[in-house]
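Geometric and topological summary
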Amino acid sequence: MAKSLSSLIVGDTLETLKGLPDDSCDVGVTSPPYNKQEKQKGWLVKNVKYANVSDVKDEKIYQQEQIQVLNELYRIIKPGGSFFYNHKIRWERGVLLHPFSWVAKTHWACRQEIIWDRQIAANIRGWRFWQVDERIYWLIKPINGNKIGEELESKYAKQTSVWRFPPERKNPHPAPFPLNLPLRCIAATTKEKGVVIDPYCGGGTTLVAAKFLNHDSIGVDMSEAYIEMSQERLNNYLSEQKEFENEIAKHQVEKTFKQRKEEGMNVGKFSPEKVKVRKSQSARNREQQEAQSRPLW
Ligand SMILES: C[S@@+](CC[C@H](N)C(=O)[O-])C[C@H]1O[C@@H](n2cnc3c(N)ncnc32)[C@H](O)[C@@H]1O
């Protein structure tokens, strides 16, 4: 098997992306800084502070920058390719800030909004129901205007639009996502050996996923310390073999879409058996009603 190569770049994301060629990557996965205003701590989870960059910006400037970054990525990803953008709903003085409000202003076609159920809340006060979800936008670069793209294999589609796994805890980076997340995104959308990009790579989780799946990768981060962390993780990626296997074990199906359809499986209330049961039930109900409405004399 050919070796996979990783390029790690210390630098500002937007400036670095501007220097990368058009149509040069196959897929990308990222979780950018969330502009969480470092002053406001969660109750259960430690305050997120990055080594080399502040996570406090004017919200308008932040959103504008994210649009620019996503549009640069659109230029860099090949036609037909995907980009997965992990973000969350935030509130600023009671006003809801939804990531789709700026994702919708980019060149990308949004193929799906996936809910990541992290199963743990950062803040357990009662200002609102505990927020355990984050979002993952599956974005595609259409070929000839086709925004539908190729059908997923059954083993990936059955993962559903709600992904349920906890956040990463072992990694020393302040805000890593778990290996499951980039593994699922990349495996579902990229079969041939290709190039995977993470423009805010942090501790290198996406790059490790790319390596396990035998792709080349590009990671960018402002912090030299996180880039070193990524390099170290890539050198020792086999120590994460168990996490890799746990996710890949979920990518199995007993029957494909075609087999299920042929056998009348999984068509909910329209399965032939359920329709038969309903028909005989309503025939019995009709008989009962007729009997009850018959005059007694
Ligand atoms: C949410 S973390 C990414 C974590 C990563 N997914 C992982 O699993 O380790 C966001 C990263 O963006 C980096 N960052 C923030 N602003 C940046 C910028 N303008 N240019 C490059 N990197 C930046 C931070 O240093 C941080 O590592």
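So, how was this worked out
- Residue indices follow the written sequence of each chain, beginning from 1 at its first position.
- pLDDT decides what is reported in this predicted model: residues at 70 or higher carry local features, side-chain atom pairs at 80 or more are listed and counted, and totals for whole chains, interfaces and linings draw on all residues regardless.
- Here a helix means four or more residues in a row that DSSP labels H or I, a strand means two or more in a row labelled E, and each is numbered from the N terminus.
- Axis lines are fitted through C-alpha atoms, for helices just across the contact stretch, and the angle between N-to-C directions can take any value from 0 to 180 degrees.
- An angle counts as roughly parallel when it lies under 35 degrees, as roughly antiparallel when it exceeds 145, as roughly perpendicular when it falls between 65 and 115, and as oblique in every other case.
- Here is the rule for handedness: rotate from the far helix to the near one, and if that takes an anticlockwise turn smaller than a right angle the crossing is left-handed, while a clockwise turn gives right-handed.
- We call two residues in contact when the distance between their C-beta atoms, placed using the backbone, is within 7 Å.
- Any residue that is not Ala, Val, Leu, Ile, Met, Phe, Trp, Tyr, Cys, Pro, Asp, Glu, Lys or Arg is counted as polar, Gly included; the first ten are nonpolar and the last four charged.
- Exposure classes come from backbone-placed C-beta atoms, where a residue is buried if 20 or more other C-beta atoms lie within 10 Å of its own, exposed if 12 or fewer do, and partly exposed in between.
- If DSSP finds at least two bridges between two strands, the strands pair.
- With its strands directed away from the observer, a crossover is right-handed exactly when the path from the first strand over the helix to the second travels clockwise.

Tracing the sequence through the fold places Leu8 in strand E1 (residues 6-10). Along the primary structure Leu8 and Ile227 are separated by 219 residues, whereas in three dimensions their C-alpha atoms are 6.5 Å apart.

Interhelical geometry of helix H5 (residues 180-189) versus helix H6 (residues 205-212) gives an angle of 45° and a closest axis separation of 8 Å. Looking at the two axes, H5 sits oblique to H6. Once H5 is placed against H6, the crossing between them reads as right-handed. In contact with Pro182, Leu183 and Ile186 of H5, H6 contributes Thr205, Thr206, Ala209, Ala210 and Phe212. When its residues are assigned to classes, the contact of H5 with H6 shows six nonpolar, two polar and no charged.

With that out of the way, let us pick up the pairing of strand E9 (residues 195-198). A regular strand carries its side chains on alternate faces of the sheet. Residues of E9 alternate between two faces, with Val195 and Ile197 on one and Val196 and Asp198 on the opposite face, all of them buried. Relative to E9, strand E2 (residues 25-30) runs parallel, the two sharing two bridges. Across the sheet, Val27 pairs through a bridge with Val196, a residue of E9. Sheet analysis places E9 next to strand E10 (residues 216-221), joined by four bridges and oriented parallel. Looking at E10, one finds that Val196 is bridged to Ser217. The parallel pair E9 and E10, bridged by H6, forms a crossover whose chirality is right-handed.

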